[in-house]
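One letter stands for each residue in the lines below.
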Amino acid sequence: MANNNKVGGIAYLKIDGVQFKLRGNAEYSPTNRERESVTGQDGEVHGFTEKTMTPYLSMDLTDSGGLSLQALQDLTNTTVTLELNNGKIFQLTGAWCVPQLKNGTTDGTIGDVRFEGKFGKEILSNA
């Protein structure tokens, strides 16, 4: 029987099917729209405006001897998958690495790794 009480904790990150050492701070957004409410001086709510947003996945990684920051930075049109402990999966396709990557040599952290992509989708657990 599935454990429906899991809400966080263990997670796995894969880029084009290859698992990376996910350090933490993973955050994602599948949404492609942002809305802002519009209110008038007349005291009425007039509606909202909408603009296109880019789906993303950001995280911290642990450095390893075989990980090239340049190779990671050069990725474009890639698929990034985050598998969560609660059974949910987030998949970002047509993705590229956005920020300049930096290695924290004191603790081996590659922080603020962010991928943005054309399509982001959540695959919900049926458990």
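Residues numbered from 1 in each chain as written. Predicted model: local features only at pLDDT ≥ 70, side-chain atom pairs only at ≥ 80, totals over all residues. Heavy atoms only, no water.

Q: An account of the overall build of the protein is requested, with residue identities and associated values reported.
A: Per the secondary structure count, the protein includes one helix and eleven strands. Each helix (α) and strand (β) of the protein, taken in turn from the N terminus, gives the series β-β-β-β-β-β-α-β-β-β-β-β. For a compact globule of 127 residues, the expected C-alpha radius of gyration is about 14 Å, and the protein comes in at 18 Å, more than 25% above that figure. Scored against the burial criterion, the 127 residues of the protein give a buried share of 24%. Looking at the protein alone, contacts between residues at least 24 apart form 65% of all its contacts between residues at least 6 apart. Charged side chains in the protein number 12 positive and 15 negative. The centres of these two groups are separated by 7 Å. (Helix = DSSP H or I, 4+ residues; strand = E, 2+ residues; numbered from the N terminus. Rg over C-alpha atoms; globule rule 2.2 N^0.38 Å. Buried < 20%, exposed > 50% of the residue type's maximum accessible area, 1.4 Å probe, protein only. Contact = heavy atoms within 4.5 Å. Lys, Arg positive; Asp, Glu negative; His and termini not counted. Charge placed at Lys NZ, Arg CZ, Asp CG, Glu CD.)

Q: Residues and numbers for the side chain of Thr109, please.
A: Examined against the element boundaries, Thr109 turns out to sit in strand S10 (residues 109-116). Under the relative-accessibility criterion, Thr109 is labelled buried at 15%. Within the structure, the side chain of Thr109 is placed 3.2 Å from the side chain of Arg23, a separation counted as a polar contact. Of the polar contacts made by the side chain of Thr109, one reaches the side chain of Asp107; its length is 3.1 Å. Beyond its immediate chain neighbours, meaning those up to four positions away, Thr109 contacts Arg23, Asp60, Leu61, Lys102, Asn103 and Gly104. (Polar contact = N/O pair within 3.5 Å; in protein donor to acceptor, adjacent residues only side chain to side chain.)

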